[in-house]
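The primary structure of each chain is shown beneath.
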Amino acid sequence: MLALTVIVVIGACVLASGIVGNRLGVAPPVLMLAAGVLVGFVPRLRGVNLPPDTVLLVFLPALLYWESLNASLRWIRRTLRGLVLMTTLLVIVTAAMVAVVAHAFGVPWGPAWILGGALAPTDATAVAALGRVLPRQAMNLLQAESLINDGTALVVYAVAVSVTVGTEHFSAVHVGWLLIRSYVGGAAAGVAVAFVGGQLRARLTDPLLENVAILLIPFTAFLLAEAVQASGVLAVVACGLIMGQLGPKVGTPAVRLLSQGFWTIGTYVLNGALFVLVGLQSQSAVRNLTSFDLARALSLVAAVCGILIAVRMAFQFIVIYVIRALDRRPSQQARRVSHGFRVITGLAGFRGAVSLAAALAVPNTLDNGLPLPDRDVIVFVTAGVIAALMLQSFALPPVVRWVNLPEDTVIDSERRMANRTASEEALAAMPHIAAALGTAPEIVDMTRREYEKRMRVIQAGNPDDDSDDIDDDAAERLRQFDEQYRVLRLALLDSKRATVLRLRHEHQIDDAVVRQIQARLDIEEVRLSQTQIVE
C-alpha cells in the first residue's frame, strides 16, 4: 500500500502544483519542489527515499530523449565551438571551484571533488521546465548545453569516486581515456540504436506498435552505452537528435500525432514527479545530516550556489572575449550576442536529476570498509543547491524585461516563408500530380482555388490559417468525386511536406518550424484519410 500511496500523493502534488502555478503565474516545478518538502513531514512518507537507479534508468532516458527530439540541430551546429567549451572546460572548472569551496568548509578533497562532479552539469529537464520565460535563442543554447555536458561531469564524478574510495589512482591518461570512452562510446551507441530504430519504424504500419518501438528506443540506447561503460546520457541525446531528423521521413501522421500526445503528457508527469521527489529527498537529507550542523551546511549550500553562478558568469564573458580576440572572421562576428543575453544564460544554469542521482549513488564506505567521509554532506548540499537554484526562476522574468532583447521574429518569419513556399510548389506541381492520378478537371479547379485562397491569407500575414471552406456549388460537384479529391489533397500534402524538409536540409528553416508545420499537415492528412466529405 505504501507504494500506491506514494504514487497517488505524487500525482496529486503534480496536479495541484500545475493548477496553482498556472493561476498565480509561478513556475509549477517550484511548487512541486515545495510540495515534496511538505509531503516529507507526513510520518508515513518519511521513509521514502529516491533510489539513484530510478532517476538514471526510469526518468532520465525518457526525459532526455524528448528534449533531444525537440532540440534545434541547426542551433547546435551554429554554436558548436561555444558548446564544446561550455560542455568540457566550463564543467571541469565548475567542478574544481566547487571542490575548493567545499574543502574550505572542511570537506576532505575526495568528497569535495565528488560534490563538484555531481553539481557541475546543468539539467535539460530543469531548463525546459523553468526557463519558459527565456528568449528562444537562450533556451536553445541552454538546452543544447545541458543535453551534452553530463558526459564530462559524470567522468569527473566517476574519477573522484573511484579515487576517494580507493579503487583507482588519479592519472591524466586514464581520465583522458574515460572522457573519450564516455563521449565516443555514448555517441556510437546512440547512432547504432537510431539506425536500428529508424529501420524498424520504417517497416511497422500499426501506430500502436510503432509507438511501442519509439518508447523502447531511449532505454535501449542508454542500456547499450552502459554495457560498454560509456555515457548512457549522451547515447540517448545522440539517438534523440538523429531520430528528430528521421521522424518526418519514417513516421506516419497517425503515429506522430499519437506519439506527440503520449510523450507530452508522459514527460510532464515524469518531470513533475521528479521535482516532487527532489523535494521529498531534501527532507530526508536534512534528517540524515550528521557530519555538519545545519547552519554550517546551509552556509555551504549558499557558498556553492554563489560559486556556481560566479563561475558561469565569468565564463560567459571572459572566455567569449578571448574567442573574439583570436577569431575576427565575419562568421564569428555574426554569432555575437549582447551582454544582457550572457547575463540571462549565466543565471539560468539550473541543476536537477543527474546531480541528485550522482549524489545519492555515492558509496557508503571506502575500499577498506570505513565510512566515506561527509557523504551526508554531499547529499544535503546537492539537494539544497538544486532547490536554491530553482528559485532563480523568480528572478528570470524581471531580468529578461531589464535586458530588453529585441523581439525574436525568426521562427514566425521562417514559418511564413515555409508555408508560402510549400503552397507555391504544391500549386505548381498540381497539374502534373492531377494528371498522374487521373483527377477530374472540376476537382483540380476547385483545389486550385482553395490553394490560391490560402496563399492570399498567408500573404496577408496569417501563415497558420488552414481554412478548407468550399463554396456550395463546389461542394455539390465534390460529392461525385470525393475519393479523387482526397487522393489529390493527400498527394499535395506529400508535396508540401517534401518542400518543408528540403528547406530544413538547406538550413533555411529551424527544426521548430518543421515540427509546427508538420503537425498541421499531419492533422489535415489524418482528417482526409479517415472522413468522408458530407453535406
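What you see is a predicted model; the values in this text were computed from it and never measured. (Residues numbered from 1 in each chain as written. Predicted model: local features only at pLDDT ≥ 70, side-chain atom pairs only at ≥ 80, totals over all residues. Heavy atoms only, no water.)

1. Regarding the overall build of the chain
Stage number 1. Within the chain, the regular secondary structure consists of 25 helices and zero strands.
Stage number 2. Taking 24 Å as the expected radius of gyration for a compact globule of 535 residues, we find that the chain reaches 26 Å, a close match to that expectation.
Stage number 3. In terms of principal-axis extent, the alpha carbons of the chain reach across some 85 × 65 × 45 Å.
Stage number 4. The buried share of the chain, reckoned over its 535 residues, is 52%.
Stage number 5. When contacts within the chain are restricted to residue pairs at least 6 apart in sequence, those whose partners lie at least 24 apart make up 83%. (Helix = DSSP H or I, 4+ residues; strand = E, 2+ residues; numbered from the N terminus. Rg over C-alpha atoms; globule rule 2.2 N^0.38 Å. Buried < 20%, exposed > 50% of the residue type's maximum accessible area, 1.4 Å probe, protein only. Contact = heavy atoms within 4.5 Å.)

2. Some remarks on the packing of aromatic side chains
Stage number 1. Summed over the entire model, instances satisfying the criterion amount to three aromatic pairs.
Stage number 2. Aromatic pair Y65 and W263: ring centres 5.7 Å apart, planes at 50 degrees, arrangement tilted. With Y65 in helix α3 (residues 52-69) and W263 in helix α14 (residues 253-287), this residue pair connects regions lying 198 residues apart in the sequence.
Stage number 3. You can call Y65 buried: its relative accessible area is 1%.
Stage number 4. You can call W263 buried: its relative accessible area is 3%.
Stage number 5. Judged by centre distance (5.8 Å) and plane angle (80 degrees), the rings of F262 and W263 are edge-to-face.
Stage number 6. By relative accessible area, F262 is classed as partly exposed at 41%.
Stage number 7. Put simply, the rings of Y65, W66, F262 and W263 touch in pairs and so form one group of aromatic residues.
Stage number 8. Positioned above the aromatic ring of F292 is the side chain of R296, whose terminal nitrogen or guanidinium carbon lies 3.7 Å from the ring centre.
Stage number 9. In this structure, R342 packs its charged tip against the face of F317, placed 5.8 Å from the ring centre. (Phe/Tyr/Trp six-rings, centres within 6.5 Å; stacked < 30°, edge-to-face > 60°. Lys NZ or Arg CZ within 6 Å of the ring centre and 35° of its normal.)

3. Let's talk about the pattern of salt bridges
Pairs may arise between side chains of opposite charge once their charged atoms sit close together.
Stage number 1. Going through the model one piece at a time under the given rule, you end up with 16 salt bridges.
Stage number 2. For the salt bridge of E425 with R502, the shortest nitrogen-to-oxygen distance reads 2.4 Å. One end of the pair, E425, is in helix α21 (residues 410-437); the other, R502, is in helix α24 (residues 482-505), with 77 residues separating them in the sequence.
Stage number 3. Here E425 falls in the partly exposed class, since its relative accessible area comes to 30%.
Stage number 4. Its relative accessible area of 30% is what places R502 among the partly exposed residues.
Stage number 5. Among the charged side chains, a network of salt bridges with common partners joins R256, D494, R497, D522 and E525. (Salt bridge = Lys/Arg side-chain N within 4 Å of Asp/Glu carboxyl O.)

4. Thoughts on the packing of helix α1 (residues 2-24) against helix α2 (residues 28-39)
Stage number 1. Contact geometry of α1 with α2 gives a least axis separation of 8 Å together with a crossing angle of 140 degrees. For the element pair α1 / α2, the angle class is oblique. Here α1 runs over α2; the crossing is right-handed. Across the interface between the two elements, V9, C13, V14, S17, G18, V20, G21 and N22 from α1 touch P28, L31, M32, A35 and V39 from α2.
Stage number 2. Classifying every residue of the contact of α1 with α2 by side-chain character gives nine nonpolar, four polar and no charged. (Axes fitted to C-alpha atoms, helices over the stretch in contact; angles between N-to-C directions. Parallel < 35°, antiparallel > 145°, perpendicular 65-115°, else oblique. Left-handed = near helix turned anticlockwise from the far one by under 90°. Nonpolar A, V, L, I, M, F, W, Y, C, P; charged D, E, K, R; others polar.)

5. A closer look at the side chain of K496
Stage number 1. With respect to the helices and strands, the residue K496 is situated in helix α24.
Stage number 2. Apart from the residues within four sequence positions on either side, K496 is in contact with A422, S423, A426, Y451, R454 and L521.

6. As for the packing of helix α7 (residues 109-119) against helix α19 (residues 375-390)
Stage number 1. Contact geometry for α7 and α19: axes closest at 10 Å, N-to-C directions at 25 degrees. When the axes of α7 and α19 are compared, the pair comes out roughly parallel. For the pair α7 and α19, the crossing hand works out as right-handed. In this structure, α7 contributes P111, I114, L115 and L119 to the contact, and α19 contributes I378, V381, T382 and V385.
Stage number 2. Its residues assigned to classes, the contact of α7 with α19 shows seven nonpolar, one polar and no charged.

7. Here we look at α1
Stage number 1. In a regular helix each residue adds 1.5 Å, so 23 residues correspond to 33 Å; α1 covers 32 Å between its end C-alpha atoms and thus fits that length.
Stage number 2. Among the residues making up α1, those that are buried are V6, I10, C13, V14, S17, G18 and G21.
Stage number 3. Buried residues belonging to α1 abut α2 and α14.
Stage number 4. G25 sits one or two residues past α1 and shows a positive phi near 75 degrees. (Expected span 1.5 Å × (residues − 1).)

8. A few points about the environment of G232
Stage number 1. Its location among the elements puts G232 in helix α13 (residues 232-250).
Stage number 2. By relative accessible area, which is 1% here, G232 ends up buried.
Stage number 3. Considered as a pair, G232 and L56 are 176 residues apart in the sequence and their alpha carbons are 8.9 Å apart.
Stage number 4. Once residues within four sequence positions are removed from consideration, G232 is found in contact with F222, A225 and E226.

9. Observations concerning the nonpolar core
Stage number 1. Judged by nonpolar contacts, the single largest core of 124 residues is most densely connected at Y65, L134, C239, L300, V304, V381 and V385.
Stage number 2. Element by element, the count of residues in this core is highest for helix α15 (residues 294-326), at 12 residues.
Stage number 3. Each residue touching C239, except ones within four places of it in the same chain, is listed here: Y65, G190, V193, A194, I217 and A221.
Stage number 4. The next biggest cluster of nonpolar side chains, apart from the first, holds 29 residues, and it includes A422, I433, M446 and M455. (Core = buried A, V, L, I, M, F, W, Y, C linked by side-chain atoms within 4.5 Å.)

10. Remarks on a nonpolar patch on the surface
Stage number 1. Taken together, the side chains of L89, V93, M97, V100, W109 and W113 define a hydrophobic patch exposed on the protein surface, amounting to about 480 Å² of accessible area.
Stage number 2. Looking at which element gives the most residues to the nonpolar patch, the answer is helix α6 (residues 89-104), with four residues. (Patch = residues over 30% accessible without salt bridge, like charges linked within 9 Å, V, L, I, M, F, W, Y side chains within 5 Å. Areas by Shrake-Rupley, 256 points an atom, 1.4 Å probe, with all protein chains shown as cover.)

11. Description of helix α17 (residues 339-347)
Count 3.6 residues to each turn of an α-helix, and residues three or four apart come out pointing the same way.
Stage number 1. In terms of residue burial, α17 counts as a mostly covered element, since eight of its nine residues are buried.
Stage number 2. Along α17, the residues that are buried comprise G340, F341, R342, V343, I344, T345, G346 and L347.

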